[in-house]
Amino acid sequence: MPKTVISGFTHNFLGNAPVWYKQVIVLFLIVNPLIVWLLGPATAGWFLVGEFIFTLAMALKCYPLLPGGLLAVEALLIGLATPDAVYHEVLVNLPVILLLMFMVAGIYFMKELLLVTFTQILVGVRSKSALSMLFCAAAALLSAFLDALTVTAVIISVAVGFYSVYHKVASGKGYQHGTHNAHSDEHVVELHREDLEEFRAFLRSLLMHGAIGTALGGVATMVGEPQNLLIAKVVGWNFAEFFQRMAPISLPVLVAGLFTCWCLEKLRWFGYGARLPKPVRRVLEDFADNEREKRTKADQAALWIQAAAAVVLVIGLAFHIAEVGLIGLLVIILITSFTGVTDEHQIGKAFQESLPFTSLLVVFFAVVAVIHEQHLFKPVIDFVLAQPEVHQPAMFFVANGILSMISDNVFVATVYISEIKQALDAGVISRAHFQDLAVAINTGTNLPSVATPNGQAAFLFLLTSAIAPLVRLSYGRMVIMAFPYTIVLGSVGLLAVINFL
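Reading guide: rules and limits
- Residue positions are given per chain, counted from 1 along the sequence in the order it is written.
- A pLDDT threshold of at least 70 governs which residues receive local features in this predicted model, and a stricter bar of 80 or more applies before side-chain atom pairs are shown or counted, although totals over entire chains, interfaces and linings include all residues.
- The side-chain quantities take in all heavy atoms of the structure and omit both hydrogens and water.
- Comment: elements are numbered from the N terminus, with helices defined as DSSP H or I runs of at least four residues and strands as E runs of at least two.
- Exposure is judged per residue with a 1.4 Å probe applied to protein chains only, and the accessible area is read against the type maximum: over 50% gives exposed, under 20% gives buried, and values in between give partly exposed.
- A contact between two residues is defined here by any heavy atoms of the two lying within 4.5 Å.
- Areas reported as accessible are Shrake-Rupley estimates using a 1.4 Å probe. Residue values count occlusion only from the protein chains shown.
- Each Phe, Tyr or Trp ring, with Trp reduced to its six-membered ring, pairs with another whose centre is within 6.5 Å; inter-plane angles below 30 degrees give stacked pairs, above 60 give edge-to-face pairs, and intermediate values give tilted ones.
- What counts as a salt bridge is simple: a side-chain nitrogen of Lys or Arg found within 4 Å of a carboxyl oxygen of Asp or Glu.
- Each helix should span, by expectation, one fewer than its residue count multiplied by 1.5 Å.
- Only buried Ala, Val, Leu, Ile, Met, Phe, Trp, Tyr and Cys residues count toward a nonpolar core, and they belong to the same one when joined by side-chain atoms within 4.5 Å.
- Patches were defined on residues exceeding 30% relative accessible area and lacking a salt bridge, with like-charge contacts within 9 Å and nonpolar side-chain contacts (Val, Leu, Ile, Met, Phe, Trp, Tyr) within 5 Å.
- Pairs of N or O atoms within 3.5 Å make up the polar contacts considered here, provided that, within protein, one atom can donate a hydrogen while the other can accept it, and that residues adjacent in sequence are counted only when both atoms are side-chain atoms.
- Bend, at a single residue, is the angle you get between axes fitted to the 7 residues ending at that residue and the 7 residues starting at it.
- Throughout, an axis means a line fitted to C-alpha atoms (over the contacting stretch in the case of helices), and angles, computed between N-to-C directions, take values from 0 to 180 degrees.
- For classification purposes, an angle smaller than 35 degrees is called roughly parallel, one larger than 145 roughly antiparallel, one from 65 to 115 roughly perpendicular, and anything else oblique.
- By definition, any crossing whose near helix is turned counterclockwise from its far helix by less than a right angle is left-handed, and any crossing with a clockwise turn is right-handed.
- When residues are sorted by character, Ala, Val, Leu, Ile, Met, Phe, Trp, Tyr, Cys and Pro go into the nonpolar class, Asp, Glu, Lys and Arg into the charged class, and all the rest, Gly among them, into the polar class.

**Q** Please explain the overall build of the protein as it appears in this structure.
**A** Looking only at helices and strands, one finds 24 helices and zero strands in the protein. With respect to the three principal axes, the spread of C-alpha positions in the protein is 70 × 65 × 50 Å. For the protein, with 501 residues in total, the buried portion stands at 54%. In the protein, of all internal contacts separated by at least 6 residues, the share reaching a separation of at least 24 is 75%. A total accessible area of about 21,200 Å² is found for the protein, and carbon and sulfur atoms account for 67% of it.

See below:
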């Protein structure tokens, strides 16, 4: 414990982050003003971008909002951007903020319906290959209309629930037992240990297939990922047009992704292929039947309301009856009104998942304001636009893909779409070519970013969730299991960009 006030400040700064990480952030904050003074604001701007990408890459050490926010505030204080420039970026991207605030919260109130759906899939399909493809396809379909983060959260909830049920049984208890520590194998009966390890491997593969599915579906529509809506707003596409523009790339990639899922389960490569042991299946089926019998008429009515709200959501998005975020607010109002959720604190829980990332997005916009004010990416964009026009979409796809593997894809997409919009406004590129480049940027940030948990919020959420330590899903194991998908999705996406744009 700290013994002085000064040591207390040191201890509290960035909380439980490693000491070396805290020291690096302090070093950044010290050297940035010196770089402005010695080398000029443009050089300082590049250092800031590199430092911010570092905070995104080290997201497991400390949530990037804190160190990234300190860097953004310092950038304003030393004159790399102005508060008005940041406000302008926020104002332009208000639809994306509304999406994160209300759509994610709206889907939160549909979790029971989604949990029932994935539970039925898990206990109803016996073939592991078919089950994996169904999980992947269901996650892709839901992510195309809902939110990838929430779909991932639902899959995690199903996995945690079933793991806890079997862990209780393996520890010699009934699944109705109240208190139980699923993190400890101390009381697991020796007879069940092998089945438990196989069950962990089984759940790991399903979780990864589901997470990949959110990327496959998330690239296809303007609500699949936050940056999709941002790109759609800049280009001027509605829901149907966005899907149509992405289809030449997103549909071949979807087929390739599902085929990869099937191959991995059949060949049992990269940690896939584990089957559900028969004793575990019997326990889970018994549990699912018990939960179904416990469901009251009020619970059934709530499920019907959630299903109706899902239909309203799909129709609202397809016909673009309002801004996406406002449609999410409509879903919140409908479901809470007709399912008896009237307590302020109950409603508040729905916003817990979305608001931290929404705050981080505003910090993104602050860094983007620095990039614009200092014209940092202009030489890069000018170089790419100086190449033959036919090669430019592929170059943008590769550049966005590589950067999205180590950084957050929302940040990468925000930077590049803003830069090519400036090129369009300056008359450097045509409207048709601008749209082709927007497709390349969207697919480039969505597909190769599955390589690491840094690239997509859904993957990072999975890694930091309660299920990851239970099924022994580490950062390294996620990278290994995502590797074949990264190669296939990246290659097929690039080939589609080259041939169809």
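**Q** Mind showing me how you'd approach unusual backbone geometry here?
**A** One can expect most non-glycine residues to show negative phi and most peptide bonds to be in trans. Although it is not a glycine, Leu-14 sits at a positive phi angle of roughly 60°. Take Leu-14: it is sitting in the loop between α1 (5-12) and α2 (19-39). Positive phi, close to 55°, is recorded for His-375, a residue that is not glycine. Inspection of the secondary structure puts His-375 in the loop between α17 (355-374) and α18 (378-385).

**Q** I tried to follow the packing of aromatic side chains on my own but got confused; where do I start?
**A** Each aromatic ring pair is summarised here by two numbers: the centre-to-centre distance and the angle between the ring planes. Scanning the entire structure with this criterion turns up 16 aromatic pairs. When the ring of Trp-20 is compared with that of Tyr-21, the centres are 6.0 Å apart and the planes differ by 80°; the resulting orientation is edge-to-face. The class of Trp-20 is partly exposed, set by a relative accessible area of 40%. Centre to centre, the rings of Tyr-163 and Phe-199 are 6.4 Å apart; their planes meet at 15°, and the pair counts as stacked. Residue Tyr-163 is found in helix α9 (residues 148-170), and its partner Phe-199 is found in helix α10 (residues 190-218); the two are separated by 36 residues along the sequence. Given a relative accessible area of 0%, Tyr-163 falls into the buried group. Relative accessible area serves as the criterion here: at 0%, Phe-199 is assigned to the buried category. One aromatic cluster in this structure is built from Trp-20, Tyr-21, Phe-28 and Phe-54.

**Q** Honestly, the pattern of salt bridges in this entry has me stumped. Any pointers?
**A** Side-chain pairs of opposite charge can arise whenever the charged atoms involved come near each other. Under the counting rule described, the total for this entry stands at nine salt bridges. For the salt bridge of Glu-265 with Lys-128, the shortest nitrogen-to-oxygen distance reads 3.1 Å. In this pair, Glu-265 is assigned in helix α12 (residues 239-267) and Lys-128 in helix α8 (residues 128-145), connecting sequence segments 137 residues apart. As far as the burial class goes, Glu-265 and Lys-128 line up, both buried. Taking the shortest distance from any N to any O, the salt bridge between Glu-285 and Arg-281 comes out at 3.8 Å. Highlighted residues: Glu-285 and Arg-281, both in helix α13 (residues 278-294), separated by four residues, approximately one helical turn.

**Q** I keep staring at helix α4 (residues 65-77) and nothing clicks. Help me out?
**A** Residues spaced three or four apart along an α-helix face the same direction, because each turn holds 3.6 residues. The terminal C-alpha atoms of α4, which comprises 13 residues, lie 18 Å apart, in line with the 18 Å expected from a rise of 1.5 Å per residue. Within α4 the residues assigned to the buried category are Pro-67, Gly-68, Gly-69, Leu-71, Ala-72, Glu-74 and Ala-75. Against α2, α3 (41-57) and α17 lie the buried residues of α4. Following α4 by one or two positions, Gly-79 adopts a phi angle in the positive range, close to 85°.

**Q** Hey, could you run me through the nonpolar core in this one?
**A** Ranked by internal contacts, the top residues of the largest apolar core, which has 161 residues, are Phe-199, Phe-396, Phe-411 and Ile-417. Those residues in contact with Phe-199, other than ones at most four positions away along the chain, are Phe-162, Tyr-163, Tyr-166, Leu-276, Pro-277, Val-280 and Leu-284.

**Q** I tried to follow a nonpolar patch on the surface on my own but got confused; where do I start?
**A** The grouping of Val-26, Ile-30, Leu-34, Trp-37, Leu-38, Leu-39 and Phe-47 at the surface amounts to a nonpolar patch, some 780 Å² of accessible area in total. Along the polypeptide, Val-26 turns up in helix α2.

**Q** Hey, could you run me through the side chain of Asn-446 in this one?
**A** Counting through the fold element by element, Asn-446 comes out in helix α21 (residues 431-446). Looking at Asn-446, the relative accessible area reads 0%, which means it is buried. At 3.1 Å, the side chain of Asn-446 forms a polar contact with the side chain of Asn-228. Setting aside its immediate chain neighbours within four residues, Asn-446 contacts Ala-215, Gly-218, Val-219, Glu-225, Gln-227, Asn-228, Asn-409 and Gln-456.

**Q** Even after reading the chapter, I still don't get α12, so can you show me in this structure?
**A** The largest bend in α12 is about 65°, located at Ala-247, with the proline Pro-248 one to four residues further on. Near the N-terminus of α12, the side chain that reaches the backbone nitrogen of Ala-240, with its oxygen 3.3 Å away, is that of Asn-238. Phi turns positive one or two residues past the end of α12, at Arg-268, with a value near 60°.

**Q** Can you help me understand the packing of helix α6 (residues 94-108) against α17 in this one?
**A** To characterise two packed helices, one gives the angle between the axes of the helices and the distance between these axes. In the contact formed by α6 and α17, the axes pass within 9 Å of each other and the chain directions differ by 165°. Classified by the angle their axes make, α6 and α17 are roughly antiparallel. Along this stretch, α6 crosses α17, giving a crossing that reads as right-handed. Contact residues: Val-96, Ile-97, Leu-100 and Met-101 in α6; Leu-355, Phe-357, Thr-358, Leu-361, Val-362 and Phe-365 in α17. Looking at the contact of α6 with α17, its residues break down into nine nonpolar, one polar and no charged.

**Q** Would you explain the packing of α6 against helix α15 (residues 324-339) in this entry?
**A** Orientation of α6 relative to α15, taken along the N-to-C sense of each, is 30°, at an axis distance of 7 Å. Classified by the angle their axes make, α6 and α15 are roughly parallel. The way α6 lies across α15 gives a crossing that is left-handed. In this structure, α6 contributes Leu-98, Leu-99, Phe-102, Met-103, Ala-105 and Gly-106 to the contact, and α15 contributes Val-324, Gly-325, Gly-328, Leu-329, Val-331, Ile-332 and Ile-335. Grouping the constituent residues of the contact of α6 with α15 by class yields 10 nonpolar, three polar and no charged.

**Q** Can you help me understand the environment of Ala-302 in this one?
**A** By the secondary structure assignment, Ala-302 is in helix α14 (residues 297-318). Judged by relative accessible area, which is 17%, Ala-302 ranks as buried.

**Q** Is there a simple way to explain the side chain of Thr-414 in this structure?
**A** Tracing the backbone through its elements, the reader meets Thr-414 in helix α20 (residues 409-425). Note on Thr-414: relative accessible area 1%, which makes it buried. Among residues more than four places away in sequence, those in contact with Thr-414 are Leu-230, Phe-365 and Val-368.

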